[in-house]
Amino acid sequence: MDAKGVLSAAPQEQTAPLKYVQDLAINEELPQRYIQKDVNVNGKQVTADDSLSVPTIDVSRLTDSASIEEKEEEMEKLKSASISWGMFQAVGHAIPKSLLDDIYNISKQFFDLPLEEKQKYASSKVDEVFDLQGFGSDSIKETNADQILDWSDYLNLVNEPIADRNLQYWPGDASLLNFRSTLDEYSVQTRSLFEIIIKSMAKSLGLEENAFFDQLGDPQIVYTTFNFYPPCPRPDLVYGLKAHTDGGAITILLPDPEVRGLQVQKNDQWVSVPCVPGALLVNIGDSLQVMSNGIFKSPWHRAVTNSERTRISLGNFYFPHHDREIEPVASLIDYSNPRKYDKVKMKDFLAVYYKNYSEGKPGYDWNSL
Ligand SMILES: O=C(O)CCC(=O)C(=O)O
Ligand SMILES: [Fe+2]
């Protein structure tokens with residue numbers, strides 16, 4: 001999501017953030033509540049097996065500019081990546097490198113603003129279900145007093161539908177020139193990429209191309225989250241973002257072009273995701289895992305910290321509308337793959353998802369409640 005703050009299980013007061021992590025990184029000793037108790041965050045669990053690497057999909061080969069053979073071949077790769085990893089590097093996506101550079105630079109400029117300026121866009125308490133927007137940092141939720149905090153600040157925005165944008169949280173030109181126009185341009189382009197991917201994913205399973213897309217409803221909800229991870233004095237003990245699954249159908253992530261930090265779990269091992277210039281990282285979220293009846297995986301992933309360099313990432317999260325009900329596509333249910341999930345209203349799904357998220361559990365365990 002994000003996850004981390006955009007959603008809230010129920011209307012409730014939220015404890016104000018203790019501090020922005022950017023401040024902590026400069027000024028203070030590491031507070032206890034960021035320290036993981038039982039893991040060596042950057043330790044042995046990370047695989048050294050070089051043959052385990054996140055697959056790459058050439059999106060240009062999924063479009064009409066490709067031959068039938070190319071399309072079939074790439075669709076097969078997409079299917080296999082979605083089943084076995086739930087994550088891939090998207091290349092050939094037609095979004096100009098200059099636009100990726102612009103949106104990255106704007107993100108960096110936002111976090112570089114003086115704190116008083118950023119606080120103009122600060123998240124306030126949760127006043128509506130599923131609505132914590134703005135600039136903030138991880139905070140202890142009432143539902144989970146033992147929560148260990150993530151070493152990151154964020155700016156969360158509802159991006160689509162455009163009518164639902166809450167512009168008080170969107171840095172305006174007086175703070176940061178071109179923030180809105182650049183994010184707009186980036187979002188138009190990532191939306192086309194999202195549609196190509198989700199339709200190709202349906203076709204790769206032999207479904208009609210809108211089988212997943214239509215379940216998302218109209219309007220769909222798109223959240224944009226900017227993640228800012230300052231250098232951390234104890235990267236061995238502290239997560240930038242604790243392990244989680246994303247809740248939407250698909251996430252399109254612009255990872256930091258130079259600083260690694262994202263890790264994804266595969267075969268019970270953590271695999272570090274390399275920086276690939278010009279690529280976007282796509283991952284499946286819990287709602288698409290449900291719609292695909294568990295055939296596609298919503299991967300368990302996390303961001304680790306480092307002691308030297310700031311890292312920034314930017315995610316666009318494509319969600320079904322809160323009022324939609326989602327369920328496995330009927331033709332993906334059969335004797336060999338019986339129904340894994342009941343029909344569920346997104347609102348109910350998200351309430352459980354967010355609770356699980358803050359407790360460090362996979363969101364899709366909602367079905368066990
Ligand atoms: O910073 C990253 O690489 C991961 C971000 C992420 O997983 C998220 O925002 O949900
Ligand atoms: Fe994520």
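Residues numbered from 1 in each chain as written. Chains lettered and ligands numbered in written order. Predicted model: local features only at pLDDT ≥ 70, side-chain atom pairs only at ≥ 80, totals over all residues. Heavy atoms only, no water.

1. Notes on the overall build of the protein
Stated precisely, the cut-off is as follows: A run of H or I in DSSP counts as a helix once it spans at least four residues, and a run of E counts as a strand once it spans at least two, with each numbered from the N terminus. Type-normalised accessible area, obtained with a 1.4 Å probe on protein chains alone, sets the label of each residue: buried when under 20%, exposed when over 50%, and partly exposed for intermediate values. Here, residues are in contact when the closest pair of their heavy atoms is within 4.5 Å. Accessible surface is estimated by sampling points in the Shrake-Rupley manner with a 1.4 Å probe; for residues, cover comes only from the protein chains shown.
In terms of regular secondary structure, the protein is built from 8 helices and 14 strands. Put simply, the protein has 369 residues, and 58% of those count as buried. For the protein, the proportion of contacts with a sequence separation of at least 24, taken over those separated by at least 6, is 79%. Accessible surface for the protein amounts to roughly 15,300 Å². Of this, 49% is attributable to carbon and sulfur atoms.

2. Some remarks on the sheet that holds strand β11 (residues 301–304)
Note the following rule: A pair of strands is treated as paired once DSSP finds two or more bridges between them. To obtain each axis, a line is fitted to C-alpha atoms, and for helices this fit is confined to the stretch in contact; angles are then taken between N-to-C directions over 0 to 180 degrees.
Spatial strand order, β6-β11-β8-β9: 4 strands in an open sheet with antiparallel pairing. Each of the sheet's edge strands pairs with one partner strand only, and the pair in question is β6 (239–244) and β9 (269–272). Going from strand to strand, the sheet's axes swing by 25° on average, the running direction of each strand aside. With 4 bridges joining them, strand β8 (residues 262–266) and β9 adopt antiparallel strand pairing. In the sheet register, Gln265 faces β9, and the bridge partner there is Trp270.

3. A few points about the UniProt feature "domain: Fe2OG dioxygenase" (unreviewed entry) in the protein
As a reminder, the rule being used: UniProt positions are given in the numbering used here, feature names are shortened, and annotations may be inferred rather than shown by experiment.
The positions UniProt marks with the feature "domain: Fe2OG dioxygenase" (unreviewed entry) are residues 220–322. Secondary structure across residues 220–322 divides into 6% helix and 46% strand, with the first and last C-alpha atoms of the span separated by 9 Å.

4. Examining the side chain of Glu74
How we decide: Contacts described as polar in this section are N or O atom pairs within 3.5 Å, which, within protein, must combine one atom able to donate a hydrogen with one able to accept it, while residues neighboring in sequence count only if both atoms come from side chains.
Inspection of the secondary structure assignment puts Glu74 in helix α3 (residues 68–84). Looking at Glu74, its side chain comes within polar contact range of the side chain of Arg61, at 2.7 Å.

5. Let's talk about the environment of Thr251
By secondary structure assignment, the location of Thr251 is in strand β7 (residues 250–254). Taking C-alpha positions, Thr251 is 22 Å from Asn267, a pair spaced 16 residues apart along the chain. Once residues lying within four places of it in the same chain are set aside, the contact partners of Thr251 are Asp246, Leu281, Val282, Asn283, Asn316 and Phe317. Among the polar contacts made by the side chain of Thr251, one reaches the side chain of Asp246 at a distance of 2.8 Å.

6. Some thoughts on the sheet that holds strand β12 (residues 311–319)
Spatial strand order, β1-β2-β10-β7-β12-β5-β4-β3: 8 strands in an open sheet with mixed pairing. The open sheet has two edge strands with one neighbour each: β1 (56–58) and β3 (134–137). Ignoring strand direction, the axes of neighbouring strands in this sheet form an average angle of 25°. Contacts between α3 and the sheet are confined to β1, β2 (87–91) and β10 (280–284), with β1 contributing the most and set at about 150° to the helix. Across the sheet, helix α4 (residues 97–112) lies against β3, β4 (153–160), β5 (221–229), β7, β10 and β12, angled at about 110° from β12, the strand it touches most.

7. Overview of the coordination of the iron ion (ligand 2)
Keep this limit in mind: A donor here means an N, O or S atom no more than 2.8 Å from the metal, or no more than 3.2 Å when the metal is Na, K or Ca. Since water is not included, a site may seem to lack partners.
Around the iron ion (ligand 2), the donor atoms from the protein are His244 (NE2), Asp246 (OD) and His301 (NE2), and they sit 2.1 to 2.2 Å away. In the primary sequence, the donor residues of the iron ion (ligand 2) line up as H-x1-D-x54-H. A relative accessible area of 3% means that Asp246 is categorised as buried.

8. Remarks on the site of ligand 1
Stated precisely, the cut-off is as follows: Consider each residue's heavy atoms; a residue with any of them within 4 Å of a molecule or strand counts as near.
Lining the immediate surroundings of ligand 1 are 13 residues, of which Tyr229, His244, His301, Arg311 and Ser313 lie closest. The contact in question runs from an oxygen atom of ligand 1 to an N or O atom on the side chain of Asp246, over 3.2 Å. The protein chains hide 99% of the 300 Å² of surface that ligand 1 would expose on its own. For the shell around ligand 1, the secondary structure elements donating two or more residues are β5, β6 and β12. The leading source of residues in the shell around ligand 1 is β12, at 3 residues.

9. Examining the packing of α4 against helix α6 (residues 179–204)
What counts here: Our angle categories are set so that under 35 degrees counts as roughly parallel, over 145 as roughly antiparallel, 65 to 115 as roughly perpendicular, and the remainder as oblique. In this scheme the handedness of a crossing depends on how the near helix is turned from the far one: anticlockwise by less than a right angle means left-handed, clockwise means right-handed. Three classes are used: nonpolar for Ala, Val, Leu, Ile, Met, Phe, Trp, Tyr, Cys and Pro, charged for Asp, Glu, Lys and Arg, and polar for all others, with Gly counted as polar.
One way to put it is that α4 packs onto α6 with a least axis distance of 10 Å and a crossing angle of 135°. By the criterion of interaxial angle, the relationship of α4 to α6 is oblique. Our pair here, α4 against α6, has a crossing hand that is left-handed. Touching Leu99, Leu100, Asp102, Ile103 and Ile106 of α4 are Phe179, Thr182, Leu183, Glu185, Tyr186 and Gln189, all from α6. Here the contact of α4 with α6 is composed, by residue class, of 7 nonpolar, 2 polar and 2 charged.

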